[in-house]
Amino acid sequence: MRASILSRVAILAGFAVALPHLFACLAHPVKPVQYDQSAAIEEGIAIAINKDVDILFVIDNSGSMGAEQQRLSGNFGAFIDVLEADDVKANYRMAVTTTDYGNPRCTPANFPRPANQGRFALSSCRSRIGDGGQNAGNDFYFVPEMIDATTACTDFCDQGVHDALQGEWRPTTIEQDSSEEARFWIENIEGQSNLPAGVEAAASGLGISAANAAFRCIGPQGINGCGFESQLESMYWALARAEEPGEVNYGFLRDAAILSIVHVTDEADCSFNPAQQNIFLDLNDTWSWEEGASSPTSAVCWNAGVECQGAAPGPYTSCDVVDKDITGKLIPDENADATAENDAVLIPIEKYVKQLNDIEIEKKMIDQNQEVLVSIIGGVPSGYDTQMAEIQYMDNTDDVGEQVKFGIGPGCVSAGDGGSAIPPVRMRDFAEQFTIDGERNMFSICDADYSNALNAIANRIRDQIKPACFKSCVADLNPETPELDPNCTLVEENTATGDQTDIPECGFDQDTAEIVPPPGATACFLYLFDKNGTETPSEADNMSPECVDDGWNLEFALVRTAAAKAGSTVKATCELSDLVERDCPGLL
């Protein structure tokens, strides 16, 4: 658990009772410590049906990221296939921004590409391949003695998919506005994608999903971005812009959706404080430079934000986040809140932890079990995520030029292409605030294949998608039969308009084993009550192990023929049992 929060805020939504002493309205999950039938009847218990996931990728687009973007693109199927699996079918939104927030060292003369500063990027990489010159319209170009960066795009961004992405994106709604518009992210809600019509057909020819094919073109962000990466500040503004009308990011975040942030980077965070930007400009202020430097390099970012313990050249016993002012003086921890925000060269990581904590607290008001997820594919050794390897911090005595450039030796080295990555100390401390059950959430960018990392990240999202257990004991109206005979109603409410729509029960064709929505219905529900898969011949009514293990006797599945409007919530009202020992013995 993160050290920066001493207590959690969890506020349940308002209760609703349909019929006194008979029914309970359910909208958000609460598992009682000891089941109290009378309390459940009198107050009602809430539950959420939520598969909404908002995913932000912050991708390093500096000059050394060609091979890494190629691997991310080629292995993306390991991520999206988890979310699109039949037993998950997440309602996802995926957005991409870069680590380029700008820096005084990255002037328009040498970096004409405008900094993203957290704005979402949606264009296909094939539209950003230039003629080999480093200019604003050329994000991919050949770097001598490195990978041909154009292959980071062309190896996996299919020309047919690229062509299809130039078509019209399907307009969608957001929670803040019911008008339909094209958005700056990929989404798939209840099986309906916002991708242009031709992408599905082009992806089908490749044998991959449309979202996978689209990300292969959109994910590679080029190598023409500022080399003083601001991973955390870019993330901050990507999320902040999502709350600002008029921004391309606006409306991306959904109130009840799981939020997952994935950083992909090979350098240390250099989210600089604009008030102290002269450290990158003053050629007389050299305390943060490495010996042999003639001008500020990325080593400034390391030396102003990290301090290592032990004798040079290492291995150091530890390297820790610190806040230093423009003279190199440490800002004591006890003064960090009062002075570091204005005086520190790099913006203290507390700013970014607070942003995500605030978002998480709001989400816990809807679902007390939600956690904001953070993952990093960065400069840690292979096996770090499984605690089979640890970061070794030491100076780069083998390559003085690299030491001058970065201020520290690599945290990992790629076996295939010889590329390396800097230990992400500020990113490490930030990410560790968002671990779940002690699992490490950092993976090696030096691995030749990112499938394991992307699969693990996706499965952590999957673990947050909870089944729709009805967390009260439901009455069995016909106890003579082996299957549960419940009496429930479901209502969908649009929080933006207040409109309510009854959701009918789905039909089921016994001959074809197909679910049949009632005519004209855009959504219907299924009762899931078969606890061990043997009470009925069909698998369509099988309960999830989570609901069974917790002792509940009913679960819902929602089937849609059209995407729900943004901001829609579903509430169920069921007749409760007065014979808990018979209907829900697992609760006692």
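Let me begin by describing the structure that accompanies this report.

**What to know about the pattern of salt bridges**
And step 1. Taken as a whole and assessed by the stated rule, the structure comprises 16 salt bridges.
And step 2. With a closest N to O distance of 3.1 Å, Arg93 and Glu187 form a salt bridge. Here Arg93 is found in strand β3 (residues 91–98), whereas its partner Glu187 is found in strand β6 (residues 186–189), with 94 residues between them in sequence.
And step 3. Assessed through its relative accessible area of 2%, Arg93 is described here as buried.

**Side note on the sheet that holds β3**
And step 1. Read from one edge of the open sheet, 7 strands run β7-β6-β3-β2-β8-β11-β14, paired in mixed fashion. Strand pairing shows two members of the sheet lacking a second neighbour, β7 (192–193) and β14 (442–444), which therefore form its edges.
And step 2. The sheet contact formed by strand β11 (residues 373–378) and β14 spans 3 bridges and is parallel. Each residue of the ladder has a partner; that of Ile376, found in β14, is Met442.
And step 3. Contacts between helix α7 (residues 210–218) and the sheet are confined to β2 (52–59), β3 and β6, with β3 contributing the most and set at about 10° to the helix.
And step 4. The strands touched by helix α13 (residues 425–432) within the sheet are β8 (258–264), β11 and β14, with β11 carrying the most contacts at an inclination of about 155°.

**Here's the deal with the packing of aromatic side chains**
And step 1. Taken as a whole and judged by the stated rule, the model has 17 aromatic pairs.
And step 2. A centroid spacing of 5.6 Å and a plane angle of 85° characterise the contact between Phe228 and Phe280, whose relative ring orientation is edge-to-face. Here the residue Phe228 occupies a position in the loop between α7 and α8 (231–241), and Phe280 occupies one in the loop between β8 and α9 (299–305), the gap between them amounting to 52 residues. For the pair formed by Phe228 and Phe280, the shared burial category is buried.
And step 3. Here Phe430 and Phe434 contribute two aromatic rings whose centre-to-centre distance is 5.5 Å and whose plane-to-plane angle is 55°, an arrangement assigned as tilted. For the pair Phe430 and Phe434, one class covers both residues: buried.
And step 4. Grouping aromatic residues by their ring pairs yields a cluster made of Phe57, Phe76, Phe79 and Phe215.
And step 5. Sitting over the face of the ring of Tyr236, Lys351 holds its NZ or CZ atom 4.2 Å from the ring centroid.
And step 6. The ring of Tyr384 has Arg440 lying over it, and the distance from NZ or CZ to the ring centre is 4.1 Å.

**Some remarks on helix α14 (residues 451–464)**
And step 1. Taking 1.5 Å of rise per residue, 14 residues should cover 20 Å, and α14 covers 20 Å from first to last C-alpha, within 8% of that figure.
And step 2. The set of residues buried in α14 consists of Ala453, Leu454, Ile457, Ala458, Ile461 and Gln464. On an axial view of α14, the arc spanned by its buried residues comes to 125°, and they lie on one face. Those residues of α14 that are exposed and aimed more than 90 degrees away from the buried face are Asn452 and Asp463.

**Side note on the sheet that holds strand β20 (residues 523–528)**
And step 1. Spatially, the 3 strands line up as an open sheet ordered β15-β21-β20, and their pairing is antiparallel. The sheet terminates laterally at β15 (468–469) and β20, the two strands that pair on one side only.
And step 2. Bridge analysis of β15 against strand β21 (residues 555–560) gives 2 bridges, and the strand direction is antiparallel. Following the sheet pairing, Cys469 is matched in β21 by Glu555.

**A short note on the pairing of strand β5 (residues 177–181)**
And step 1. In terms of strand pairing, strand β4 (residues 172–174) meets β5 through 2 bridges, oriented antiparallel. Bridge assignment links Ile174 to a residue of β5, and that residue is Asp177.
And step 2. Taking the residues that link successive antiparallel strands as the turn, the β4-β5 hairpin has 2 residues.

**Here we look at the environment of Phe443**
And step 1. With respect to the secondary-structure elements, Phe443 resides in strand β14.
And step 2. Since its relative accessible area comes to 4%, Phe443 is described here as buried.
And step 3. Sequence separation of Phe443 and Asp385 is 58 residues, and the distance between their C-alpha atoms is 5.6 Å.

**A short note on the nonpolar core**
One recurring pattern in soluble globular proteins is that nonpolar side chains are buried together.
And step 1. With 56 residues, the main nonpolar core has Ile55, Phe57, Phe79, Met94, Leu165, Ile377 and Ile445 as its most contacted residues.
And step 2. Those residues within four positions of Phe79 in sequence are excluded, and the remaining contacts are Ile55, Phe57, Met94, Leu454, Ile457, Ala458 and Ile461.
And step 3. Judged by nonpolar contacts, the second largest core, of 43 residues, contains Val58, Val353, Met427 and Phe434.

**Points about a negative patch on the surface**
And step 1. A cluster of acidic residues, Glu243, Glu244, Asp255 and Glu362, forms a negative patch on the protein surface.
And step 2. Relative to the elements of secondary structure, Glu362 occurs in helix α11 (residues 350–364).
And step 3. Residue classification places Glu362 among the exposed residues on the basis of a relative accessible area of 53%.

**Some remarks on α8**
And step 1. Within α8, 8 of the 11 residues are buried, which leaves the element mostly enclosed by the surrounding structure.
And step 2. Its buried side turned inward, α8 meets β2, β3, β8, α11 and α13.

**Remarks on the environment of Ala152**
And step 1. Its location among the elements puts Ala152 in helix α4 (residues 150–154).
And step 2. The buried category is assigned to Ala152, whose relative accessible area is 1%.
And step 3. Sequence separation of Ala152 and Gly74 is 78 residues, and the distance between their C-alpha atoms is 9.0 Å.

**Things to note about the packing of α8 against α13**
How two helices sit against one another is set out by the angle between their axes and by the gap between those axes.
And step 1. At a minimum axis distance of 10 Å, the contact between α8 and α13 shows a crossing angle of 45°. When the interaxial angle is binned, α8 and α13 end up oblique. From α8, Gln231, Leu232 and Met235 reach across to α13, where they touch Arg426, Met427 and Phe430.
And step 2. Here the contact of α8 with α13 is built from residues that sort into 4 nonpolar, 1 polar and 1 charged.

Cut-offs and rules
Residues numbered from 1 in each chain as written. Predicted model: local features only at pLDDT ≥ 70, side-chain atom pairs only at ≥ 80, totals over all residues. Heavy atoms only, no water. Salt bridge = Lys/Arg side-chain N within 4 Å of Asp/Glu carboxyl O. Helix = DSSP H or I, 4+ residues; strand = E, 2+ residues; numbered from the N terminus. Buried < 20%, exposed > 50% of the residue type's maximum accessible area, 1.4 Å probe, protein only. Pairing = 2+ DSSP bridges. Contact = heavy atoms within 4.5 Å. Axes fitted to C-alpha atoms, helices over the stretch in contact; angles between N-to-C directions. Phe/Tyr/Trp six-rings, centres within 6.5 Å; stacked < 30°, edge-to-face > 60°. Lys NZ or Arg CZ within 6 Å of the ring centre and 35° of its normal. Expected span 1.5 Å × (residues − 1). Arc of directions from axis to C-beta. Core = buried A, V, L, I, M, F, W, Y, C linked by side-chain atoms within 4.5 Å. Patch = residues over 30% accessible without salt bridge, like charges linked within 9 Å, V, L, I, M, F, W, Y side chains within 5 Å. Areas by Shrake-Rupley, 256 points an atom, 1.4 Å probe, with all protein chains shown as cover. Lys, Arg positive; Asp, Glu negative; His and termini not counted. Charge placed at Lys NZ, Arg CZ, Asp CG, Glu CD. Parallel < 35°, antiparallel > 145°, perpendicular 65-115°, else oblique. Nonpolar A, V, L, I, M, F, W, Y, C, P; charged D, E, K, R; others polar.

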